[in-house]
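The lines below spell out each chain.
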Amino acid sequence: MKIRTNALAGIALAATAALGLAACGSGSSATAGSSAADNGSSAGEITVYNAQHESLTKEWIDAFTAETGIKVTVRQGDDTEMSNQIVQEGQASPADVFLTENSPAMAQVENAGLFADVDKATVDQVPAEFRPSTNKWTGIAARSTVLVYDKNKISADKLPKSMLDLANPEWKGKWAASPSGADFQAIVSALLELKGEAATEAWLKGMKENSKPYKGNSTAMKAVNAGEVDSALIYHYYYYGDQAKTGENSNNVTPFYFKNQDPGAFVSISGGGVLKSSKNAAAAQSFLKFITGKKGQEVLQKGTSFEYAVGSDVPSNDKLVPLKELQAPTVDPAKLNSAKVTELMTQAGLL
């Protein structure tokens, strides 16, 4: 009897070990991913294609891995580079999650049919105005369009009433932008959605006549600060980030918010989505849920990215103008069209 009992115990132990090896060997196991989401246990590894700021995403990843044990590999690039790569790779993409700074790159991947639906628990954490109507991806952060200007050159009563005014002759040579950047092209995408193709073409024609091109928003703001140009159309966080450091590139600069649902009050949504081809979909969904949850959004609230928090009722950094006061126009981020914008900007001689 003793021998038989020991034999049975050995068989049971072997069977348990075999089941454990099977679970560990399957990177796409829903059970393993669910375990990570439910109780924080380790469930393999995911790959993130990241077009968000590298430092911000690192903070998210470090906190997520500490809580769940899930390892995250990152491939870094800009919005258009990463979205084009995912579309080219198609179902063979090694990416599990895609994060961006702006919405048009997310819409490109969505239109290619490459995103899985976002889990309802994650969707519920983000208000409708900060995610696409399709729920094929979700907002993870936001940034506001602003006109930063040299207060020694432009008085408050001479500021434009609308972003569209920047195409008028009186603004010739008085403003700068970074037309080649995904940030600025997202602003143009919103203008196209809000005002249509004819109005966008006219504004871009005026921009070609009036604006000074720079490479990068921070460079454009630095030019304003140095007196090279009177103003620049950029995103808000470049100003606040510089002010939080030395202020050397922004001390002569003031941010102006257009408000009044103007195209210049556009709030660009940074996106996150899970690829349909993910080999560890449950863990990927768990990551998206984490960064839109309380702990993930507190990284925005307490950190130095100065991007707006959009999820889980977490307030944004208290140095920022509150989102509710920006009076942003309503734009469905799923409808932003990067391909058409590139075409129109190329025709206008801006690209």
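Rules used in this analysis
- Residues numbered from 1 in each chain as written.
- Predicted model: local features only at pLDDT ≥ 70, side-chain atom pairs only at ≥ 80, totals over all residues.
- Heavy atoms only, no water.
- Helix = DSSP H or I, 4+ residues; strand = E, 2+ residues; numbered from the N terminus.
- Buried < 20%, exposed > 50% of the residue type's maximum accessible area, 1.4 Å probe, protein only.
- Contact = heavy atoms within 4.5 Å.
- Areas by Shrake-Rupley, 256 points an atom, 1.4 Å probe, with all protein chains shown as cover.
- Phe/Tyr/Trp six-rings, centres within 6.5 Å; stacked < 30°, edge-to-face > 60°.
- Core = buried A, V, L, I, M, F, W, Y, C linked by side-chain atoms within 4.5 Å.
- Pairing = 2+ DSSP bridges.
- Polar contact = N/O pair within 3.5 Å; in protein donor to acceptor, adjacent residues only side chain to side chain.
- Axes fitted to C-alpha atoms, helices over the stretch in contact; angles between N-to-C directions.
- Parallel < 35°, antiparallel > 145°, perpendicular 65-115°, else oblique.
- Left-handed = near helix turned anticlockwise from the far one by under 90°.
- Nonpolar A, V, L, I, M, F, W, Y, C, P; charged D, E, K, R; others polar.
- pLDDT = per-residue confidence, 0-100.

**Student:** Could you give an account of the overall build of the protein, naming the residues involved and the relevant values?
**Tutor:** Scanning the protein for helices and strands turns up 13 helices and nine strands. Of all 351 residues assigned to the protein, the portion counted as buried reaches 51%. Relative to all contacts within the protein whose residues are 6 or more apart in sequence, the contacts with residues 24 or more apart total 76%. Working note: accessible area of the protein is about 15,600 Å², and carbon and sulfur atoms make up 53% of it.

**Student:** How would you sum up the packing of aromatic side chains? Please name residues and give values.
**Tutor:** This model, assessed by the stated rule, comprises eight aromatic pairs. Between Phe184 and Trp203, the ring centres sit 6.3 Å apart and the planes meet at 20°, which makes this aromatic pair stacked. Separated by 19 residues along the polypeptide, Phe184 in helix H7 (residues 182-195) and Trp203 in helix H8 (residues 197-210) bring together distant segments of the chain. Residue Phe184 is classed as buried on the basis of its relative accessible area of 1%. Members of the aromatic cluster, each reached through a chain of ring pairs, are Phe64, Phe287 and Phe290.

**Student:** Which residues make up the nonpolar core, and what values do they have?
**Tutor:** Formed by 72 residues in total, the largest nonpolar core has its most connected members in Phe98, Phe184, Trp203, Leu204 and Leu233. Discounting chain neighbours no more than four positions away, the residues touching Trp203 are Met163, Leu164, Leu166, Ala167, Trp175, Phe184, Val188, Leu191 and Leu233. Counting 25 residues, the second-largest nonpolar core is a separate cluster that includes Ile46, Phe64, Ile70 and Phe290.

**Student:** Account for the pairing of strand E7 (residues 231-235), with residues named and values stated.
**Tutor:** Counting buried residues along E7, five of its five residues qualify, which places the element largely inside the surrounding structure. Pairing of strand E4 (residues 138-150) with E7, which is carried by five bridges, proceeds in the antiparallel orientation. By the bridge assignment, Leu147 is partnered in E7 with Leu233. For strand E5 (residues 175-177) and E7, the ladder comprises two bridges, and the chain directions are parallel. Bridge assignment links Ala176 to a residue of E7, and that residue is Ala232.

**Student:** Give me the lowdown on the side chain of Ser103, citing residues and values where you can.
**Tutor:** Along the polypeptide, Ser103 turns up in helix H5 (residues 103-111). A polar atom in the side chain of Ser103 sits 2.8 Å from the backbone oxygen of Ile269. Residues within four places of Ser103 in sequence aside, it is in contact with Trp137, Ser268, Ile269, Pro333 and Leu336.

**Student:** Pulling in residues and values, what's your account of H5?
**Tutor:** The element H5 is largely enclosed, with a buried count of seven among its nine residues. Looking only at H5, the buried set comprises Ser103, Pro104, Ala105, Met106, Ala107, Val109 and Glu110. Of the surrounding secondary structure, the elements contacted by the buried residues of H5 are helix H4 (79-89), strand E3 (97-99), H7, strand E9 (267-274) and helix H13 (338-347). Where H5 terminates, the next one or two residues include Gly113, which has phi positive at roughly 75°.

**Student:** Could you give me a rundown of the packing of helix H9 (residues 217-225) against helix H10 (residues 236-244), with the residues and numbers involved?
**Tutor:** For the pair H9 and H10, interaxial distance at closest approach is 10 Å and the crossing angle is 70°. Considering the angle they form, H9 stands roughly perpendicular to H10. Crossing of H9 against H10: the hand is right-handed. Contacts from Asn217, Ser218 and Met221 of H9 reach H10 at Tyr238, Tyr239 and Asp242. Class assignment for the residues of the contact of H9 with H10 results in three nonpolar, two polar and one charged.

**Student:** Residue-level account of the confidence of the model for the protein, with values.
**Tutor:** Here the protein shows a mean pLDDT of 90. Residues at 70 or above account for 88%. A low-confidence stretch, residues 1-42 stays under pLDDT 50, and its non-local contacts, those more than four residues away or across chains, total 26 contacts.

**Student:** So, the packing of H7 against H8: which residues are in play, and what are the values?
**Tutor:** Axis separation between H7 and H8 bottoms out at 7 Å; the angle between their running directions is 140°. Taken together, the axes of H7 and H8 are oblique relative to one another. Touching Phe184, Val188, Leu191, Leu192 and Lys195 of H7 are Glu197, Ala199, Thr200, Trp203, Leu204 and Met207, all from H8. For the contact of H7 with H8, the residue count by class is eight nonpolar, one polar and two charged.

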